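Analysis of the macromolecular model
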Amino acid sequence: MTLTLYNTLTRRKETFTPLQAGKVQMYYCGVTVYDYCHLGHARACIVWDVVRRYLQWRGYQVKYIQNFTDIDDKILNRARDEGSSMQAVAERYIQAYFEDMDRLNIQRADAYPRATHTLDGIKRLVYELEQKGYAYPADGDVYYAVRQFNTYGKLSGRKLEDLQAGKSDRVNIEDPEYQKKKDPFDFALWKGAKAGEPAWESPWGAGRPGWHIECSAMVRDNLGETIDIHAGGADLIFPHHENEIAQSEAVTGKPLANYWMHNGMVTVDGEKMSKSLGNFITIRELLDRPTDPMAVRLFVLTAQYRKPIDFTDEAIAAATNGWHTLREGLLFGYQYGNQLGFEERGSHLIPEVVQRFQEEVDDDFNFPGGLTVLFELAKELRREGNILMHQGKTETPPEQLEQQWHTLVALAQVLGFEAEAETIVETNVTDGISDTEIENLIQMRLAAKKAKNFVEADRIRNELQAQGITLIDQPGGVTRWHRN
Ligand SMILES: Nc1ncnc2c1ncn2[C@@H]1O[C@H](COP(=O)(O)OP(=O)(O)OP(=O)(O)O)[C@@H](O)[C@H]1O
Ligand SMILES: [Zn+2]
C-alpha cells in the first residue's frame, strides 16, 4: 500500500517518497508566543501530531521540528503593556504552550528552535542572500528583492503582476517600510533597531530579524537544505511560506521542501478563529469548562485536515458524545477482560481491520476514514459489554473480542486517543443517563405496569429509547436493557 498526500506546491495528491528511505524530515511553523493558544492552534498542533504519529506507525523514523517565534511586534506590544520584557512574555507563553499541548496529548517535537537562539543562522542567510543579489540594505533594514526570484509565487499560485499595490491589503503605503522598499512586495529580512526595542548586532547595524527568515534558518540549522515535509496552517501559504521558499531556494538552489502540507482553519461563523478578531476560545478555557481533551482531538480529527471546521458548542457536544463511545470501547478490556479471561491469550491484532484502517489513512491522511474503522470496533465492543452485563455472557467468542479490543487500542493510539482505566467509574456518570438512573426508571415502569398504567409505562420506555437505551422485557417480569 502506498501513502499519498496532497502537496500544496503541485496542487495534487502525490505518492509520498522521502529523500532517504525510511526517514522523514518534517518542520511545522509553530506559534508566536504572546498569549495563550486558542482552538485554532490546537487544531494545527493535533493534525501535525497525528501526521507524525501515523508516519511513525508506517515505519518511518521521523525527525519533527517545531519553532517558537519569540521575536515579534505582538510580543513587544504585550511586554510594553505589562511593563515587562519580550523575553519574559515569550517564556511565560512557551510554558503555557507546553501545559496546554501536554493536556491534549500532543507528543513533544524533537526540538523547539526559537528565533532568539537562531541569530547566527539568520545572519548567515541574510548575508548569502545579499551576496547573491537577492537582498539589499536600506537605511538600517535589509529587504528581499522579490523580482530577483523568478519563481516567486509558485506555492500560492499568486503572480507578482496580480498583486498590484492598492489591490491587496498587504500593501500599505502608510507603512514606514514602504518608502524604503524597491518593490512594494519586497519584505524585511532584517529590521534596524528602534529605541527601546531589543536588538542584536549585525553587519547591517543593530536590529532584529524579520519573521520569514527565522523559519528558513531553523529548517537549515536543524534539518538541512531540503526536507521532506514542511507543514503549517493554510493561512501561512502566502506570504510566509512563499517567502521561506524565496529565501532558502535563492541561497541553496535546491527545493526547500518536497511536500508542502497545510491544515484548514478553525472558523467561527465562517471566519478564521484569531486573536485579532477576538473570536477565539483558548485551549485552557475549553478544557476547564470542562471538555475532555480527547473530545477536542476528536472534534479536530473528524474533519478532513485540509477543510475548515466551524467551532460551535454543538460540534464540541457531538465530539464529546463520540469520545464517550470510543472510550467505552477502549475501556472494554479493563472492564471485562478478567471476566472474559483476556490476559491469558496475549495481543493479536486483526489484520483485515488494520489493513482497512491503513487504506483509509494512506489516502492523504484521511483521519475521518480511519475513525470510522475505530467506531465500528468501539460500538461492537460496547454492545457486547451490555449483553455481558445483562446476560452473563457475550454473543461473540471472548478470544475474538480480545483481538477486537487490542486492535482498537492500538489503532486509537496511532491517532493519539487513549483512555485511562481509572476513568471506568466515571464512565456511567458522564455518559448522559447513568446505570442507576436507568434501573430506577425500569422499576418505575414495572410499578406503572402493575398499576395497569400502560400510558406511563410506555412513556418511560420511550423516554429511555430517546436516550439510546433499549428495554427488553423477558418472561417472569424481568426487564433487561442495553445502550444502543
Ligand atoms: N484558526 C486557526 N485554525 C487553524 N490553524 C491556525 C489557526 N490560527 C492559527 N493557526 C496555525 O497555528 C500556527 C501558529 O500560528 P500563529 O502563532 O502565527 O497564530 P496566528 O495566525 O497569528 O493566530 P492569531 O492571529 O490568532 O494570534 C500556524 O501554523 C497557524 O497557521
Ligand atoms: Zn515558518
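In this text, all values refer to a predicted model and were calculated from it rather than measured experimentally. (Residues numbered from 1 in each chain as written. Chains lettered and ligands numbered in written order. Predicted model: local features only at pLDDT ≥ 70, side-chain atom pairs only at ≥ 80, totals over all residues. Heavy atoms only, no water.)

Re the confidence of the model for the chain
Counting all residues, the mean pLDDT for the chain is 93, and 95% of those residues have values of 70 or more. Across residues 425-430 the pLDDT falls below 50, and counting only partners more than four positions away or on other chains, this stretch makes 10 contacts in the model. (pLDDT = per-residue confidence, 0-100. Contact = heavy atoms within 4.5 Å.)

Description of the sheet that holds strand S12 (residues 271-272)
Pairing is mixed across the open sheet formed by three strands, whose spatial order is S12-S11-S13. A single partner strand is all that each edge strand has here, and the edge strands are S12 and strand S13 (309-310). Pairing of strand S11 (residues 266-268) with S13, which is carried by two bridges, proceeds in the parallel orientation. Note on S13: the bridge partner recorded for Val266 is Ile309. (Pairing = 2+ DSSP bridges. Helix = DSSP H or I, 4+ residues; strand = E, 2+ residues; numbered from the N terminus.)

Things to note about the domain arrangement of the chain
As far as domains go, the chain holds domain 1 (333-427) and domain 2 (430-483). Distance between the C-alpha centres of domain 1 and domain 2: 29 Å. (Domains from an automatic or database assignment.)

Topic: helix H4 (residues 119-131)
Since the α-helix turns once every 3.6 residues, residues separated by three or four places project in the same direction. Taking 1.5 Å as the rise per residue, H4 with 13 residues should run 18 Å; its terminal C-alpha atoms sit 18 Å apart, in good agreement. Residues Leu119, Gly121, Ile122, Leu125, Val126 and Leu129 constitute the buried set of H4. Down the axis of H4, the buried set is contained in an arc of 165°. They therefore lie on one face. Opposite the buried face of H4, by more than 90 degrees, sit the exposed residues Asp120 and Gln131. (Expected span 1.5 Å × (residues − 1). Buried < 20%, exposed > 50% of the residue type's maximum accessible area, 1.4 Å probe, protein only. Arc of directions from axis to C-beta.)

Re the sheet that holds strand S8 (residues 207-209)
Strands sit in the order S5-S6-S7-S8 across an open sheet of four strands; the sheet is antiparallel. The sheet terminates laterally at strand S5 (135-138) and S8, the two strands that pair on one side only. On average, each strand axis in the sheet is tilted by 20° relative to the strand beside it, whichever way the strands run. In this sheet, strand S6 (residues 141-144) lies alongside S5 in antiparallel orientation, the contact comprising four bridges. What sits directly across from Pro137, in S6, is Val142. (Axes fitted to C-alpha atoms, helices over the stretch in contact; angles between N-to-C directions.)

Here's the deal with the site of ligand 1
Neighbouring ligand 1 are 23 residues, the closest being His38, Asp235, Val266, Lys272 and Lys275. Between an oxygen atom of ligand 1 and a side-chain N or O atom of Lys74, the distance comes to 3.3 Å. Contacts to ligand 1 include Asn263, whose side-chain N or O atom sits 3.3 Å from a nitrogen atom. Relative to its free-state accessible area of 600 Å², ligand 1 is covered by the protein chains to the extent of 95%. Among the secondary structure elements, those contributing two or more residues to the shell around ligand 1 are helix H1 (39-57) and strand S9 (227-233). A total of three residues in the shell around ligand 1 trace back to one element, the largest contributor, which is H1. (Near = heavy atom within 4 Å. Polar contact = N/O pair within 3.5 Å; in protein donor to acceptor, adjacent residues only side chain to side chain. Areas by Shrake-Rupley, 256 points an atom, 1.4 Å probe, with all protein chains shown as cover.)

Describing the packing of aromatic side chains
A full pass over the atoms with the stated rule returns 23 aromatic pairs. Arranged with centres 5.2 Å apart and planes meeting at 80°, the rings of Phe68 and Tyr97 form a pair that is edge-to-face. Of this pair, Phe68 sits in the loop between strand S4 (61-66) and helix H2 (73-82) while Tyr97 is found in helix H3 (residues 86-103), placing the two residues 29 residues apart along the sequence. The same class applies to Phe68 as to Tyr97, namely buried. By way of ring pairs, the aromatic residues Tyr54, Trp57, Phe357, Phe365 and Phe367 are connected into one cluster. Above the plane of the ring of Tyr136 lies Lys182, whose end atom (NZ or CZ) is 4.3 Å from the centre. One cation-aromatic arrangement involves Lys275 over Tyr34; the distance from NZ or CZ to the ring centre is 5.6 Å. (Phe/Tyr/Trp six-rings, centres within 6.5 Å; stacked < 30°, edge-to-face > 60°. Lys NZ or Arg CZ within 6 Å of the ring centre and 35° of its normal.)

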